[in-house]
Structures are given as structure tokens and as C-alpha cells.
Amino acid sequence: MTTGICDGMVLKDPKYVEIPSRNSIADQVEITAEGNFFDGMVMLSTCDSIVPGHLMAAARLDIPTVVVTGGYMPLGTFRGREVLHIHAQDKVGTMKAGKIDPDEYNGLIEHSWGTCGGCTSMTTANSMCMVAEALGMSLPGNSTVSAVSSELALIAYRAGERVMALVKDGITARQIITPASIRNAIKMDMAVAASSNLILHIPAIAHEAGYDEPWWKYFDEASNEIPLLAHLAPSGPYNLHDLDLAGGLPAVLKELLPKLDGDCLTVTGKTLAENVASAQVWNKEVIHTLAEPVMKKPGIGVLYGNLAPEGAIIKIAAVPEHLFTFTGPARVFDSLHAGLDALRAGEVKPGDACVLRFMGLKGRFGTTAFTFQEELKGHAELYNSCAVITDGRFSGGTSGLSVGYVSPEAALVGPLGLVKDGDTIAIDIPNRRIDLRVDDTELARRKASFSWTFDESAYPRYLRLFVKNVGSMAHGGIWE
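These numbers come from a predicted model, not from an experiment.

Enquirer: Looking at this model, I keep getting lost on the overall build of the chain. Mind explaining?
Expert: A count of helices and strands for the chain gives 20 helices and twelve strands. For the chain, the spread of C-alpha atoms along the principal axes amounts to about 60 × 50 × 45 Å. Relative to its 480 residues, the chain shows a buried fraction of 57%. The contacts in the chain between residues at least 6 apart in sequence include a share of 74% that link residues at least 24 apart. Accessible area of the chain: about 19,200 Å², with a carbon and sulfur share of 52%. Within the chain, one finds 41 positive and 55 negative side-chain charges whose respective centroids are separated by 2 Å.

Enquirer: Just to check I follow, could you spell out the pattern of salt bridges for this structure?
Expert: Pairs can form between side chains of opposite charge once their charged atoms are near each other. What the rule picks out here adds up to 19 salt bridges. Between R446 and E442 there is a salt bridge, with the nearest N and O atoms lying 2.9 Å from each other. With R446 and E442 both in helix α19 (residues 440–448) and four residues apart, the pair spans about one turn of that helix. When the shortest N-O distance is used, the salt bridge between E456 and R464 registers 4.0 Å. For E456, a relative accessible area of 34% gives the class partly exposed.

Enquirer: What is the right way to read the layout of surface pockets from this model?
Expert: One way to see where empty space is left: roll a probe the size of a water molecule over the atoms. Estimated volume of the second largest pocket: approximately 300 Å³. Considering the residues around the second largest pocket, the lining is formed by 15 residues, among which M1, T2, V42, M43 and H54 are closest to the centre. Elements supplying a minimum of two residues to the lining of the second largest pocket: α1 (18–35), β1 (41–45) and α2 (50–61). Class assignment of the residues belonging to the lining of the second largest pocket gives a composition of nine nonpolar, six polar and no charged.

Enquirer: Even after reading the chapter, I still don't get α1, so can you show me in this structure?
Expert: Since the α-helix advances by 3.6 residues per turn, residues separated by three or four positions end up pointing in the same direction. Across its 18 residues, α1 extends 25 Å between first and last C-alpha, which sits within 8% of the 26 Å expected from 1.5 Å per residue. Of the positions making up α1, those classed as buried are E18, I19, P20, S21, R22, N23, S24, I25, A26, Q28, V29 and A33. In the core, the buried residues of α1 are packed alongside β1, α2, α10 (198–208), α16 (361–364) and α20 (461–469). One or two steps after α1, the chain reaches F37, where phi turns positive at roughly 55 degrees.

Enquirer: Looking at this structure, I do not really get the nonpolar core. What am I missing?
Expert: What tends to happen in soluble globular proteins is that the nonpolar side chains get buried as a cluster. Formed by 96 residues in total, the largest nonpolar core has its most connected members in L55, M137, I182, V192, W216 and L243. With near-sequence residues (within four places) excluded, I182 lies in contact with L135, I177, I202, A206, Y211 and W215.

Enquirer: I would appreciate a short explanation of the packing of aromatic side chains in the present structure.
Expert: Geometry of an aromatic ring pair is reported as the spacing of the ring centres plus the angle between the planes. Under the counting rule described, the total for this entry stands at eleven aromatic pairs. With a centroid separation of 5.9 Å and an interplanar angle of 85 degrees, the aromatic rings of F365 and F454 are classed as edge-to-face. A residue pair is termed long-range when its members are at least 10 positions apart, and F365 in the loop between α16 and α17 (370–377) and F454 in the loop between α19 and α20 qualify at 89 residues. For F365, a relative accessible area of 0% translates into the label buried. Judged by relative accessible area, F454 falls into the buried class, the value being 12%. Pairing F454 with Y459 gives two aromatic rings, centres 5.1 Å apart and planes at 20 degrees, and the pair type is stacked. The exposure class assigned to Y459 is buried, which follows from its relative accessible area of 9%. Taken together, the aromatic side chains of F358, F365, F450, W452, F454 and Y459 make up a single cluster linked through ring pairs. The aromatic ring of Y218 is capped on one face by R183, whose charged end is 5.2 Å from the ring centroid.

Enquirer: Would you take a moment to explain the side chain of E18 for this structure?
Expert: The residue E18 is located in helix α1 in this model. Within the buried core, E18 has no salt-bridge partner, and the shortest N-O distance to an opposite charge, that of R393, equals 4.3 Å.

Enquirer: I tried to follow empty space enclosed by the protein on my own but got confused; where do I start?
Expert: Taken as a whole and judged by the stated rule, the model has two cavities of 30 Å³ or more. By volume, the largest cavity amounts to about 60 Å³. Around the largest cavity, the lining residues are E133, G136, S138, P140, G141, P250, L253, T266, L272, N275 and V276. The element contributing the most residues to the lining of the largest cavity is helix α14 (residues 272–276), with three residues. Of the residues assigned to the lining of the largest cavity, the class counts are five nonpolar, five polar and one charged. Computed from the structure, the second largest cavity encloses a volume of approximately 50 Å³. Q373, L376, K377, Y383, C386, V388, S399, G400, L401 and S402 are the residues that line the second largest cavity. Top element by residues in the lining of the second largest cavity is α17. It accounts for three residues. Here the residues of the lining of the second largest cavity are counted per class, giving five nonpolar, four polar and one charged.

Enquirer: Teacher, can you tell me more about the pairing of strand β12 (residues 433–436) here?
Expert: Look at any regular strand and the pattern is simple: side chains alternate between the two faces of the sheet. In the sheet, strand β11 (residues 424–428) pairs with β12 via four bridges, with the strands oriented antiparallel. Note that in β12 the partner of I427 across the bridge is I434. The hairpin turn running from β11 into β12, its antiparallel successor, is four residues long, and R432 in that turn takes a positive phi close to 55 degrees.

Enquirer: How should the packing of helix α9 (residues 179–192) against α10 be read in this particular structure?
Expert: To characterise two packed helices, one gives the angle between the axes of the helices and the distance between these axes. Between α9 and α10, the shortest axis-to-axis distance is 11 Å and the interhelical angle comes to 170 degrees. As judged from the angle between their axes, α9 and α10 are roughly antiparallel. Residues I182, A185, I186 and D189 of α9 touch α10, and the partners they reach there are L198, I202 and A206. Split into classes, the residues belonging to the contact of α9 with α10 amount to six nonpolar, no polar and one charged.

Enquirer: Which parts of the structure should I look at to understand the pairing of β11?
Expert: Sheet topology note: the strand β7 (residues 325–333)/β11 ladder contains five bridges and is antiparallel. Bridge assignment links P329 to a residue of β11, and that residue is T424.

Enquirer: Mind showing me how you'd approach the environment of A273 here?
Expert: Mapping A273 onto the fold places it in helix α14. A273 sits in the partly exposed class, given a relative accessible area of 25%. Counting along the chain gives 20 residues from A273 to L253, while the straight-line C-alpha distance between them is 8.7 Å. A273 has contacts with L257 and G262, leaving out every residue within four places of it along the chain.

Definitions and cut-offs
- Residues numbered from 1 in each chain as written.
- Predicted model: local features only at pLDDT ≥ 70, side-chain atom pairs only at ≥ 80, totals over all residues.
- Heavy atoms only, no water.
- Helix = DSSP H or I, 4+ residues; strand = E, 2+ residues; numbered from the N terminus.
- Buried < 20%, exposed > 50% of the residue type's maximum accessible area, 1.4 Å probe, protein only.
- Contact = heavy atoms within 4.5 Å.
- Areas by Shrake-Rupley, 256 points an atom, 1.4 Å probe, with all protein chains shown as cover.
- Lys, Arg positive; Asp, Glu negative; His and termini not counted.
- Charge placed at Lys NZ, Arg CZ, Asp CG, Glu CD.
- Salt bridge = Lys/Arg side-chain N within 4 Å of Asp/Glu carboxyl O.
- 1 Å grid on protein atoms, 1.4 Å probe; cavity = no way out; pocket = protein on both sides within 12 Å on 5 of 7 lines; lining within 4 Å.
- Points joined across faces, edges and corners; volume = space filled by probe spheres on them.
- Nonpolar A, V, L, I, M, F, W, Y, C, P; charged D, E, K, R; others polar.
- Expected span 1.5 Å × (residues − 1).
- Core = buried A, V, L, I, M, F, W, Y, C linked by side-chain atoms within 4.5 Å.
- Phe/Tyr/Trp six-rings, centres within 6.5 Å; stacked < 30°, edge-to-face > 60°.
- Lys NZ or Arg CZ within 6 Å of the ring centre and 35° of its normal.
- Pairing = 2+ DSSP bridges.
- Axes fitted to C-alpha atoms, helices over the stretch in contact; angles between N-to-C directions.
- Parallel < 35°, antiparallel > 145°, perpendicular 65-115°, else oblique.

In C-alpha cells:
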């Protein structure tokens with residue numbers, strides 16, 4: 001039994017605990033497995049940080065392991081039709097603006113959630129369940145079955161059989177979680193437009209397994225190579241139930257197989273290619289082919305430069321084309337609230353490069369700049385001319401010229417912490433560059449005098465411990 005935190009329910013700022021909980025989950029598994037001399041384990045995982053936390057622990061411990069993910073949540077029903085929960089959540093702003101009948105809104109909120117299972121869209125839970133299957137750590141089809149399906153009970157039973165076989169054959173987690181299978185998972189991520197949180201979670205799993213590679217670079221390469229094969233909510237018209245009926249993840253992986261390493265070993269004892277050989281696509285509107293994808297435009301890119309030596313993430317598909325190249329003066333804010341105050345006071349000007357820093361894992365536990373980005377949208381002249389640059393994380397709804405996950409973050413004495421108001425920042429998306437136009441001598445001088453201290457008095461003990469030990473986001477934010 002480990003901690004189970006829902007990212008959708010936790011306080012986002014200032015005491016954001018969801019990402020810190022992931023590292024704690026991995027530790028809890030290690031303590032339980034080591035303290036009880038486990039020869040192997042079956043891990044029961046479903047939601048946001050539980051799946052990556054369990055996979056991190058499996059990679060760290062390197063014992064025979066099978067992951068059983070809990071399936072997607074059945075759709076709710078309201079006024080004679082099925083309702084996807086995320087569409088009900090989207091009505092919050094409409095309700096605040098008085099543009100929806102309160103009874104309809106309350107009914108949607110009350111009835112759009114089904115029973116158990118992960119949220120029925122490509123948010124973090126289902127995305128990570130698919131990662132587990134693409135890595136080969138769960139049985140074929142596990143990630144895209146309903147939480148109330150009898151098939152899930154069969155999968156759980158078979159997992160018990162398989163872990164005993166893995167123990168007998170000496171097949172451990174790192175024989176399945178390999179650099180090749182991790183690249184498969186990243187390519188799968190692009191094929192289904194999975195959660196942006198995978199940018200943090202997949203490298204964490206890889207580094208726990210001891211694979212120190214430039215994983216963000218692989219995300220960029222995969223984004224350019226892999227087209228979108230399944231257009232799922234929240235960005236598309238279909239949900240996990242639709243994907244399940246269309247053939248589930250095995251059907252997606254079979255269509256994607258020419259781009260994958262099909263020889264990767266899985267918990268079945270067979271290869272990935274063998275696992276999906278009999279998969280069928282039952283609805284080609286939901287699961288497309290490589291020859292006729294939903295779209296080919298890259299979803300994300302990784303920018304490098306003297307402002308982000310380890311990389312920074314941008315959602316290319318969400319950037320207006322006229323902002324693909326940008327140069328502007330820095331407007332620096334040391335917190336999300338400082339940025340919001342300035343925006344509301346009219347102090348942000350067209351063409352500004354708005355720097356929101358000390359929001360990364362060490363600085364603010366990985367807070368997102370989504371609130372600032374959303375309010376910026378309300379000012380067309382700013383939204384269409386400004387850049388938002390942050391060492392915080394993205395939200396799934398991020399759009400505009402928004403650069404996130406800048407690494408190393410400011411609190412790790414990254415270059416973002418050295419930026420001053422008025423400095424020139426240049427972004428070149430086609431060439432994947434983000435640079436601070438300040439000479440090296442001046443940057444060295446600023447670094448020598450850099451000072452930032454985490455205010456321990458404002459936070460409970462566990463968050464203080466997290467801040468002291470967490471590493472770079474480019475490495476997944478694992479313990480350093």
C-alpha cells in the first residue's frame with residue numbers, strides 16, 4: 001500500500017505535493033520490498049503519480065515485477081447522454097461567467113464521474129498506464145480496459161502467474177525497462193498525444209534504472225518522427241472508452257510497430273512485436289495508420305541555449321506561427337503571484353519576455369504557470385506578442401509562446417535565475433534555441449553573487465526534505 005494522490009484534487013500553489021508524492025511512493029515501495037525480502041512483486045497502480053512512482057521503484061530495485069493498472073473510469077451519464085468528466089470541468093469558467101444554468105452545471109459535475117478508475121481522457125493517469133504497457137511492464141491491453149471490466153480481473157490473475165514465471169526465469173525489471181523500451185514509450189506518447197507530465201516521469205524512470213541519456217532530446221526527435229494516430233480528449237473528440245472499443249493500446253502499438261523496437265522483452269516473456277501480432281483495429285476513425293495519421297505536425301520541441309543548457313519544453317502545435325522566432329526584453333518575476341499582480345496592474349507590455357522563475361521542483365515543487373498564461377489570453381495584444389518563460393511545469397491547456405521546464409531551474413542556480421529586467425531573450429523554434437543575450441563574463445559575475453534561499457518556515461517537514469534532495473527536471477526530478 002502506498003500513497004495515492006490525485007493531481008486534479010491537490011492544492012497547486014503554494015504547497016503543491018503531487019510531484020513530491022511520486023518520489024515518496026518510490027521510496028515506500030523500496031522500503032516494503034527490501035524490508036520483506038521480496039523475490040518479485042505485482043504492483044497495483046492507476047492514478048497520476050502512483051504509476052510513475054511504482055515504475056521508478058521497479059527500475060530502482062531491479063527485481064521481477066509486473067504492473068497491473070486499474071483501468072479507465074466508465075463514463076458518467078446526465079440527461080440521457082454519456083458525459084466525459086473533463087468536459088464538465090471545462091464548464092467552471094462558463095458557470096463563473098453566468099453563461100450556464102446552475103442546475104445543468106451542478107448536474108454535470110455530480111454525474112460526469114463514473115465509479116473507480118483513471119479519468120477517461122489522456123491526462124496523466126491513463127498516459128502513464130499506457131507507458132507501463134509500452135515499456136513491457138504490464139500485460140497486453142491492460143492500460144486500455146475499463147476499471148469495471150471482467151477482463152481486468154483476468155489480467156490481474158494472469159499477472160500473478162507471470163510474476164512467478166519471471167522469478168523462476170530470473171527476468172528482472174531492468175531487462176524489460178531498457179533504453180530501447182523507453183524510446184518505445186516516448187514514441188507511443190507522441191502517437192496518442194499523452195500528458196505533458198510524461199516529460200518529467202519517463203526520464204525519472206530511466207534514471208532510476210541507471211540510463212543517463214538525453215531523454216528530452218528523444219522527445220523532440222520522436223515529436224518530429226511520430227505522427228498522431230489517436231486523437232483523444234482533452235485535445236481530441238474521442239475518449240478511452242472509444243479507444244478500448246477500437247482495439248486498445250495493442251492496436252495502436254501494432255500500427256506504430258514499424259517505428260518501434262519490436263524485439264524488446266516484456267513481462268509476458270515474449271517480445272513487444274509478438275504481444276501485438278494479433279491485435280486488430282476495429283474503428284479506423286479512432287486509431288489511424290502511419291500512412292493516414294490524424295496529423296503530422298510536431299507536438300512538442302526541446303529548446304537549448306545558454307538560458308536552458310539542459311533543455312526547455314515548448315508545445316509547438318500551440319504556438320502561433322508569427323511567434324516561431326521572437327526577441328524581446330525580459331520582464332522578471334520571482335513568483336507566480338508577482339507575475340499575476342503585474343499583469344493585472346497593466347505593467348506587462350506587448351513584446352515582453354515574461355520570466356516566471358523559482359517555480360521548478362526545488363523552487364516551488366513544480367508549480368505551473370497556467371494561471372498567468374490563461375489571464376494573458378484575455379489580452380489579445382499581449383497573448384499575440386509576448387513570451388512566457390518559466391522553470392515551472394506545463395498544464396495540458398498551455399498555449400501561445402510558452403516555454404516551460406527550463407533546466408536547470410533558477411533555484412539550482414540555473415541561468416534563468418541570472419536574468420534581469422531589460423535583458424534581451426531570443427527564441428528560435430525552428431532551430432530549437434533559447435538564448436539570453438548577455439555575455440559570458442557578465443553571466444559569470446551575476447552567478448558569483450547569486451543568492452536564493454528556500455523559506456523553510458512556510459512549509460511542513462516533508463516538502464522541506466523534498467527541496468533539499470530533488471534534482472534537475474531534465475533528469476526527471478529524482479533524488480540527487
